[in-house]
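Below, each chain spelled out in residue letters.
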Amino acid sequence: MGKFEVLDHPLIQHKLTIIRDKHCGTKVFREMVNEISNLMAYEVSRDMPLEDVTIETPIQVTKQKQISGKKVAIVPILRAGLGMVDGMLEMIPAARVGHIGMYRDEKTLKPVEYFVKLPSDISERQIFVVDPMLATGGSAIMAVDALKKRGAKDIRLCFLVAAPEGVKALQEAHPDVDIFTAALDDGLNEDGYIVPGLGDAGDRLFGTK
Ligand code: PRP
Ligand code: URA
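Given the structure is predicted, the values throughout are model-derived calculations rather than measurements. Residue positions are given per chain, counted from 1 along the sequence in the order it is written. Each chain is given a letter, starting from A, and each ligand a number, starting from 1, according to the order in which they appear as written. At least 70 in pLDDT is required for a residue's local features to be given in this predicted model, at least 80 for side-chain atom pairs to be given and counted, and no such filter applies to totals for whole chains, interfaces and linings, which use all residues. Remark: hydrogens and water are excluded; side-chain values derive from all non-hydrogen atoms of the structure.

Draft legend 1. View of a nonpolar patch on the surface. To count toward a patch, a residue needs a relative accessible area over 30% and no salt bridge; like charges are then connected within 9 Å, while nonpolar side chains (Val, Leu, Ile, Met, Phe, Trp, Tyr) are connected within 5 Å. Only the protein chains shown count as cover for residues, and all accessible areas are computed by the Shrake-Rupley method using a 1.4 Å probe. The rule for a salt bridge is simple: a side-chain nitrogen of Lys or Arg has to be within 4 Å of a carboxyl oxygen of Asp or Glu. On the surface, a nonpolar cluster with roughly 330 Å² of combined accessible area is contributed by Tyr103, Tyr114 and Phe115. Working definition: helices are DSSP H or I runs of at least four residues, strands are E runs of at least two. Numbering for both runs from the N terminus. Take Tyr114: it is sitting in strand S7 (residues 111-117).

Written out as structure tokens, the structure reads:
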């Protein structure tokens, strides 16, 4: 089974509380999602492998560490995942960015895929899928299906808010992926929204509805 971690750093929790508040407007919502993603990038890359490198400081030659191993791809699930890309890229600026377009049919709650564009060497990359919300898990499962179909192997998913139902469904469908979330909430309501959650992440991020 892959990792499951709640990233409960105080700064992440504080900023998440700000965006959960229904009075938080689009501008601050966007800024906070960006800042939380930045902090999450730091947390989810903690175990990146290092290698020795010899450099010369102004004083002497010395052996130091640099990141080695796979190159990174950040893959937002459209639309709301887009809000997490810049914050991640600030920490991992050389990463490539793939896109998976998916929306939840509001009646059936089933995801509908409409766009997939990934770096051509996706099978060799460490992939960070980003999406603010893991609700039923349908979108995340379908996103991982789409990635694996194209050769992806090393997949981590980063959410702001997850429902236990979504975590369970994702782990059952894809036991090999790692899951990180800033919060694990109580569950889903009858409309498929996370409780207490933060509402519709895409609408709040882009000021639609
Ligand atoms: C939201 C969210 C996830 C999905 C989670 O996107 O960003 O992708 O719902 O729900 P699930 O776990 O039940 O699949 P939505 O479909 O509202 O599209 P949007 O990003 O365009 O707003
Ligand atoms: N998608 C959202 O944006 N919010 C939820 O609570 C559930 C799915």
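Draft legend 2. Layout of the pattern of salt bridges. If you walk through the whole model with that rule in mind, you get 14 salt bridges. With a closest N to O distance of 2.6 Å, Lys15 and Glu35 form a salt bridge. A residue pair is termed long-range when its members are at least 10 positions apart, and Lys15 in helix H1 (residues 10-20) and Glu35 in helix H2 (residues 26-44) qualify at 20 residues. Here Asp121 makes a salt bridge to Arg125, at a shortest N to O gap of 2.8 Å.

Draft legend 3. Expanded view of the UniProt feature "binding site: 5-phospho-alpha-D-ribose 1-diphosphate" (unreviewed entry) in the protein chain. UniProt positions are given in the numbering used here, feature names are shortened, and annotations may be inferred rather than shown by experiment. In this structure's numbering, the residues bearing the UniProt feature "binding site: 5-phospho-alpha-D-ribose 1-diphosphate" (unreviewed entry) are Arg79, Arg104, Asp131, Pro132, Met133, Leu134, Ala135, Thr136, Gly137, Gly138, Ser139 and Asp200. When you line up the elements, Met133 lands in strand S9 (residues 133-134). Using a relative accessible area of 17% as the deciding quantity, one classes Met133 as buried. Every residue pair with non-hydrogen atoms within 4.5 Å of one another is taken to be in contact. Beyond its immediate sequence surroundings of up to four residues, Met133 is in contact with Phe159, Val161, Ile194, Leu198, Gly199 and Ala201. Dropping the residues within four chain positions of it, Ala135 is found in contact with Arg104, Ala163, Glu165, Gly166, Leu188, Gly192 and Ile194. Relative accessibility thresholds used throughout: buried, under 20% of the residue-type maximum; exposed, over 50%; partly exposed, between the two (1.4 Å probe, protein chains only).

Draft legend 4. Spotlight on the site of ligand 2. In these notes, residues near a molecule or strand are those with any non-hydrogen atom within 4 Å of it. In the region of ligand 2, the neighbouring residues are Arg104, Met133, Ala135, Gly192, Tyr193, Ile194, Gly199, Asp200 and Ala201. Between an oxygen atom of ligand 2 and a main-chain N or O atom of Ile194, the distance comes to 2.8 Å. Take Ala201: an N or O atom from its main chain is 2.9 Å from an oxygen atom of ligand 2. Taken together, the residues that form the shell around ligand 2 break down as five nonpolar, two polar and two charged. As used in this structure description, the phrase polar contact means that two N or O atoms lie within 3.5 Å; if the pair is within protein, one of them must be able to donate a hydrogen and the other to accept it, and residues adjacent in sequence are counted only when both atoms belong to side chains. Amino acids outside the nonpolar list (Ala, Val, Leu, Ile, Met, Phe, Trp, Tyr, Cys, Pro) and the charged list (Asp, Glu, Lys, Arg) are all regarded as polar, and Gly is one of them.

Draft legend 5. Layout of helix H4 (residues 138-149). Under the 1.5 Å per step criterion, the end-to-end length of H4 is 16 Å for 12 residues, consistent within 8% with the ideal 16 Å. Gly151 sits one or two residues past H4 and shows a positive phi near 100°. What a helix should span is 1.5 Å times the count of its residues minus one.

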